[in-house]
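Chains, contacts and geometry: an overview
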Amino acid sequence: MKASASESDDDNERTDAAEEETEDEDNAFFDTRDFLSSSSFKSSASDLHRSSSSDDGGLYIAESEDDNDIDPSIRSAGLTFPYVKRRKKLPDPAETEKGISLWSMIKDNIGKDLTKVCLPVYFNEPLSSLQKCCEDMEYSYLIDRANEWGKKGNSLMRILNVAAFAVSGYSSTEGRICKPFNPLLGETYEADYPDKGLRFFSEKVSHHPMIVACHCEGTGWKFWGDSNLKSKFWGRSIQLDPVGILTLQFDDGEVFQWSKVTTSIYNLILGKLYCDHYGTMRIQGNRDYSCKLKFKEQSIIDRNPHQVHGVVQDKNGKTVATLFGKWDESMHYIIGDCSGMKKGSYSLSEACLLWKRSKPPKYPTRYNLTRFAITLNELTPGLKEKLPPTDSRLRPDQRYLENGEYEMANSEKLRLEQRQRQARNMQERGWKPRWFAKDKATDTYKYIGGYWEARERGNWELCPDIFGQVPAEQLE
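Quick caveat, the model's predicted, so the values are computed rather than measured.

1. As for the environment of S168
- By secondary structure assignment, the location of S168 is in helix α8 (residues 155-168).
- On the basis of relative accessible area, S168 is assigned to the buried category, the value being 2%.
- When the C-alpha positions of S168 and E135 are compared, they lie 9.8 Å apart, and in sequence the two are 33 residues distant.
- Residues in contact with S168, not counting those within four places in the same chain, are Y139, L142 and W355.

This is the structure we're talking about:
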């Protein structure tokens, strides 16, 4: 998507992506720093329980309700899955990395579609966009809890946990200034995580526009969606507008749908790179409740950035619960309508913790990957033999980057980008994704099934070697 080349339009034009709010709604962002620093709301260190999937306490599951009141089945949701040993750090780099100025690479591309700009591997992180989609499942225990609450007949607590899940996916973006690899057409990624009780699968289903689709099955629920990022380059910043709908369906038939908010990356010329998320997210349910979450846009003088404030409403439009927090820290809720509350007028004792971000990894990376993200590109023993030739873990430039072999990574990235230039011709000649199909009624891609069955049989005959050399007939 093309944008104006004028840097002076930066501060004005990019606000178009965020929904205009009334003055009252803007005032609803009471100071979460003062609120969360108080010790009087219902959460404490003892309210955080370790997940069985994290032997060193990497993932914590929030407990905000009184232990005498909460049902044990809800308290244990996300805790009872088997332990699986996974890596806690990336390989040590084999070479010394050479720094490159981002501005020197993109200054000639102002006003152009950034999806067509080829950057050196230095600006990448060792994950693909397909794996990046899977990062949204880091706090999938919130969906497990939502499932249990619904089974107990508490629809309000279900949507509150769904809302916390929708916000939690942004927490991994803090400090992540490197871009994921753009997948090749037909590239796939699987994530079989019995320690989280889920199986995730994604595929690049279109090259122009670049669309990735995903499907995830958990315990009592399914999650799917497709995403197309439209980018605008304003000179000093990049604005990314996601296009696509995410769907969460529970086995009892309750469905929630929402779309992501706008993301911008700032200080491309001078200063420290940082990202922000802003706009309104609406979580629409098909039964009793819906939710509206406002991500506040960060200002230059903002002393408390990353705030999120929202409300849950019933079918009559009455506010029945209020949510607040920060997308990189935690989310809390209060039963009832708190929209008219000013600083100091709300009751801290009524606030309950829904979600808290996990600890950073013990072994930090240059890419600021979370503990969960560090595991996504891992080839665990015996896994390579089970994967199709299209899986992101087998992509050579990405693997070289992870290993710190930067020259080989750049060489392979260039080779694969040359190959990818044939993708548009492949689409025009009728290429179709292997595991997803476009639903004409909704204009979205949906999983057609068969991947895990093919994996069980070890039958990948219909999956091409997309990372190999380009067949001669495709170059004609």
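2. Side note on the pairing of strand β17 (residues 330-335)
- The buried fraction of β17 amounts to 5 of the 6 residues, a majority that puts the element mostly inside the structure.
- Both strand β16 (residues 319-326) and β17 contribute to a ladder of 6 bridges, which runs antiparallel. What sits directly across from K326, in β17, is S330.
- The turn linking β16 back onto β17 is made up of 3 residues.

3. Some points on helix α11 (residues 406-420)
- Along its 15 residues, α11 runs 20 Å from first to last C-alpha, staying within 8% of the 21 Å computed at 1.5 Å per residue.
- Those residues of α11 that fall on the buried side of the exposure criterion are Y406, A409, E412, K413, R415, L416, E417, R419 and Q420.
- Buried residues along α11 sit against β3 (124-128), β4 (179-181), β6 (198-206), α10 (396-402) and α12 (423-428).

4. As for the nonpolar core
- F200, F223, W258, I283, L293, V312 and L323 are the most contacted members of the largest nonpolar core, which totals 70 residues.
- For this core, the element with the most residues is α8, which contributes 10 residues.
- If we skip the residues at most four places from it in the chain, I283 touches V162, A163, A166, F256, Q257, W258, S290, C291 and L293.
- By size, the runner-up hydrophobic cluster in this structure holds 13 residues, among which are A213, Y447, W460 and C463.

5. Notes on the packing of aromatic side chains
- This structure, assessed with the given rule, holds 19 aromatic pairs.
- Both rings, one in F165 and one in W258, keep their centres 6.4 Å apart while their planes meet at 80°; by these two values the pair is edge-to-face. Of this pair, F165 sits in helix α8 while W258 sits in strand β11 (residues 255-258), and the two are 93 residues apart along the sequence. In terms of burial, F165 and W258 fall into one category: buried.
- Here the aromatic cluster, defined as three or more aromatic residues joined through ring pairs, consists of F201, W435, F436, Y447, Y451, W452 and W460.
- Geometry around Y363 places K89 over its ring, the cationic atom sitting 5.2 Å from the centre.
- The ring of F250 is capped by R158, whose NZ or CZ atom sits 4.0 Å from the centre of that ring.

Conventions and cut-offs
Residues numbered from 1 in each chain as written. Predicted model: local features only at pLDDT ≥ 70, side-chain atom pairs only at ≥ 80, totals over all residues. Heavy atoms only, no water. Helix = DSSP H or I, 4+ residues; strand = E, 2+ residues; numbered from the N terminus. Buried < 20%, exposed > 50% of the residue type's maximum accessible area, 1.4 Å probe, protein only. Contact = heavy atoms within 4.5 Å. Pairing = 2+ DSSP bridges. Expected span 1.5 Å × (residues − 1). Core = buried A, V, L, I, M, F, W, Y, C linked by side-chain atoms within 4.5 Å. Phe/Tyr/Trp six-rings, centres within 6.5 Å; stacked < 30°, edge-to-face > 60°. Lys NZ or Arg CZ within 6 Å of the ring centre and 35° of its normal.

What is shown is where atoms sit, not what they do.
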